[in-house]
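Survey of secondary and tertiary structure
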Amino acid sequence: SSYVFALGDVAVQEGEQQSKYSLTAQVAFQQSDYVAWNVWSSINKQPLLPFQYQHLGDMMSLGQNEATVGLPVGGLNLTGLP
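So, a few notes on the structure that sits alongside this text. None of the values given here were measured: they were computed from a predicted structure.

Attention now moves to the overall build of the protein chain. A tally of helices and strands in the protein chain yields one helix and three strands. Going from the N terminus to the C terminus, the protein chain shows its helices and strands as α-β-β-β. Out of the 82 residues belonging to the protein chain, those deemed buried represent 17%. Within the structure as shown, the protein chain displays about 6,700 Å² of accessible surface, and the carbon and sulfur contribution to it stands at 56%.

Have a look at this one:
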């Protein structure tokens, strides 16, 4: 049987509930682990793992001296200067 694996901007997960993920490095980085595992699994006739995204937070730089961070733990938001 043949498989096509994709990650990053071109990836869409189909199934019971089709999922589209944000076009960020965080998503692509997590997808790379699943793609590597599933390529190995397909070569060795093992079951494939479905992708499960885990949001790790958001970070935004606001110029040279300011930034903000949002973490998915209790709605914690950190802002400030270096």
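Back to the text.
Turning to the side chain of asparagine 38, a few remarks are in order. Mapped onto the elements of the fold, asparagine 38 is located in helix H1 (residues 25-43). Overall, the relative accessible area of 6% leaves asparagine 38 in the buried class. A polar side-chain atom of asparagine 38 sits 2.7 Å from the main-chain amide nitrogen of leucine 49.

The next thing to look at is the side chain of glutamine 31. Secondary-structure assignment places glutamine 31 in helix H1. With relative accessibility at 5%, the residue glutamine 31 sits in the buried group. Polar side-chain contacts of glutamine 31 include one of 2.5 Å to the backbone nitrogen of glycine 8. With residues up to four places along the chain from it excluded, the contact list for glutamine 31 reads Leu7, Gly8, Ala11, Tyr21 and Phe51.

Let us now look at the packing of aromatic side chains. If you walk through the whole model with that rule in mind, you get four aromatic pairs. Every member of this aromatic cluster is reached through a ring pair, and the members are Tyr34, Phe51 and Tyr53.

About the cut-offs
- Residues take numbers from 1 onward in each chain, read along the sequence in its written order.
- The predicted origin of the model limits local features to residues at a pLDDT of at least 70 and limits the giving and counting of side-chain atom pairs to 80 or more, whereas totals for whole chains, interfaces and linings rest on all residues.
- As a convention, hydrogens and water are excluded, and side-chain values are obtained from all of the structure's heavy atoms.
- Helix numbers and strand numbers start at the N terminus; a helix is a DSSP run of H or I with at least 4 residues, a strand a run of E with at least 2.
- The cut-offs for exposure are 20% and 50% of the maximum accessible area for each residue type, with area from a 1.4 Å probe on protein chains only; residues under the lower value are buried, those over the upper are exposed, and the others partly exposed.
- Reported accessibility uses the Shrake-Rupley method at a 1.4 Å probe radius. Residues are deemed covered only where the shown protein chains occlude them.
- We define a polar contact as two N or O atoms separated by no more than 3.5 Å, with the added condition that, inside protein, one atom must be a possible hydrogen donor and the other a possible acceptor, whereas residues neighbouring each other in sequence contribute only through side-chain atom pairs.
- Only heavy atoms matter for contacts: two residues are in contact if any of them lie within 4.5 Å across the pair.
- Only the six-membered ring of Trp is used, alongside the rings of Phe and Tyr, when aromatic pairs are assigned; centres must lie within 6.5 Å, and planes under 30 degrees apart are stacked while those over 60 apart are edge-to-face, with the rest tilted.

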